[in-house]
Amino acid sequence: LVCQAICGYCGLRCYLFIVRECGAVSAVVATSFRKVATIVLSFLLFSKPFTRGHFLALLLLQAGVWLTIVSRRLKKNLKAKKSRI
């Protein structure tokens, strides 16, 4: 329990350092990357089968990220066109 508390404290300190030095967006990216790395390591270390469902979930995730990027670009372009008019 003490070890878990110390690890939690160190993790929080690292997160706050990233927020302070690099900004909130970088901290969220680092946190997301950590979660992805944990899942990948789980598959590698515990030899879980990678099924069609996993592949489909990855495709859906990639499509969601792509749609978010495209919609933000479209909104930015629309704002730029409206400001020119």
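Residues numbered from 1 in each chain as written. Predicted model: local features only at pLDDT ≥ 70, side-chain atom pairs only at ≥ 80, totals over all residues. Heavy atoms only, no water.

Asker: Hey, could you run me through unusual backbone geometry in this one?
Answerer: One can expect most non-glycine residues to show negative phi and most peptide bonds to be in trans. For Ser 47, which is not a glycine, the phi torsion comes out positive at approximately 40°. Mapped onto the elements, Ser 47 comes out in the loop between helix H2 (24–45) and helix H3 (52–84). (Helix = DSSP H or I, 4+ residues; strand = E, 2+ residues; numbered from the N terminus.)

Asker: Before we go on, may I ask you to explain H2 in this structure?
Answerer: Every α-helical turn comprises 3.6 residues, leaving residues that sit three or four positions apart pointing alike. If you check H2, its first and last C-alpha atoms are 31 Å apart, about what 22 residues at 1.5 Å a residue would give, namely 32 Å. Two residues or fewer past H2, Ser 47 is found with a positive phi of approximately 40°. (Expected span 1.5 Å × (residues − 1).)

Asker: Explain the pattern of salt bridges here, please?
Answerer: Opposite charge on two side chains makes pairing possible when the charged atoms of those side chains draw close. Counted according to the given criterion, the structure contains one salt bridge. Here Glu 21 and Arg 20 are joined by a salt bridge, their closest N and O atoms 3.9 Å apart. For the pair Glu 21 and Arg 20, one class covers both residues: exposed. (Salt bridge = Lys/Arg side-chain N within 4 Å of Asp/Glu carboxyl O. Buried < 20%, exposed > 50% of the residue type's maximum accessible area, 1.4 Å probe, protein only.)

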